[in-house]
Amino acid sequence: MDFVVAPDPYTLFQSWLDEASRTEPNDPNAMSLATIGADGIPAVRIVLLKGLDDGGFVFYTNTLSRKGRELAAHPVAGLCFHWKSLRRQVRVDGRVSPVTAQEADDYYRVRPRGSQIGAWASAQSQPLDSRATLERRVAEETARFGEGDIPRPPHWSGYRVTPVRMEFWQDREFRLHDRLVYTRDAEDKGWTTERLYP
């Protein structure tokens, strides 16, 4: 199938994500997140997309984790969505900014209680001597909060990746794939599009 070129990449992305939500067996909102380490070496991991608006792509994490520290030092990132069932991928390059405290609070409140406890119990990306230590910390935090509401930890929040470039890739026969790129214009007011050779 050929691309339907939308006026902005968000519209095209949302249509692809909606389709992936019907065909992917697990986590159609999973995306690779690449950050830049202090040594200049990229680091990549899978996170989950939890919001999409005119400002960009939103995910949540421990801000003291490796990715949180790297984003604080270098607030830029690359994302990649890959939907094997559709033989499609979308790449996103952009600038990163923190979400508001209200956004983080709103999302934290709808997380499963076990995930809320985990946000307090896990010193994400720090050395762990054994699984038993983590399970003990979970038990301690569970007892501490009892049956009451669990507040959002100060070190747990979200980030928004605001794209400057997005590439849509569709598999085609004989590796003659379709590639469509949206690039934010110099005045940051609109998008230009171009096709690339596969």
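Preceding this paragraph is the structure being described.
Residues numbered from 1 in each chain as written. Predicted model: local features only at pLDDT ≥ 70, side-chain atom pairs only at ≥ 80, totals over all residues. Heavy atoms only, no water.

Draft legend 1. Focus on the packing of helix 4 (residues 113-121) against helix 5 (residues 131-145). At their nearest, the axes of helix 4 and helix 5 sit 9 Å apart, and the two run at 115 degrees to each other. It follows that helix 4 is roughly perpendicular to helix 5 by the angle criterion. Where helix 4 crosses over helix 5, the two elements pack in a sense that is right-handed. Each of Arg113, Ile117, Trp120 and Ala121 in helix 4 lies in contact with helix 5, whose residues at this interface are Leu134, Arg137, Val138, Glu141, Thr142, Arg144 and Phe145. Residue composition of the contact of helix 4 with helix 5, grouped by class: 6 nonpolar, 1 polar and 4 charged. (Axes fitted to C-alpha atoms, helices over the stretch in contact; angles between N-to-C directions. Helix = DSSP H or I, 4+ residues; strand = E, 2+ residues; numbered from the N terminus. Parallel < 35°, antiparallel > 145°, perpendicular 65-115°, else oblique. Left-handed = near helix turned anticlockwise from the far one by under 90°. Contact = heavy atoms within 4.5 Å. Nonpolar A, V, L, I, M, F, W, Y, C, P; charged D, E, K, R; others polar.)

Draft legend 2. How the structure looks around the pattern of salt bridges. Tallied over the full model, the rule gives 16 salt bridges. We note a salt bridge from arginine 160 to glutamate 103, for which the minimum N-O separation is 2.5 Å. With arginine 160 in strand 7 (residues 156-170) and glutamate 103 in helix 3 (residues 101-109), the pair connects residues that are 57 residues apart, well separated along the chain. Its relative accessible area of 23% is what places glutamate 103 among the partly exposed residues. With its nearest N and O atoms 2.4 Å apart, the salt bridge here joins arginine 109 to aspartate 106. Of the two residues, arginine 109 and aspartate 106 are both situated in helix 3; the distance of 3 residues between them amounts to about one turn of the helix. (Salt bridge = Lys/Arg side-chain N within 4 Å of Asp/Glu carboxyl O. Buried < 20%, exposed > 50% of the residue type's maximum accessible area, 1.4 Å probe, protein only.)

Draft legend 3. Here's a closer look at the nonpolar core. Counting residues in hydrophobic clusters, the biggest one holds 29 residues, and the most contacted among them are Phe13, Phe57, Phe59, Phe81, Trp83, Val90 and Phe168. Contributing elements (two or more residues each) for this core: helix 1 (9-23), strand 1 (30-36), strand 4 (56-62), strand 5 (76-83), strand 6 (88-98), strand 7 and strand 8 (178-184). Top element by residues in this core is helix 1. It accounts for 6 residues. Grouped together as the second largest cluster of nonpolar side chains are 12 residues, Val58, Ala119, Phe145 and Ile150 included. (Core = buried A, V, L, I, M, F, W, Y, C linked by side-chain atoms within 4.5 Å.)

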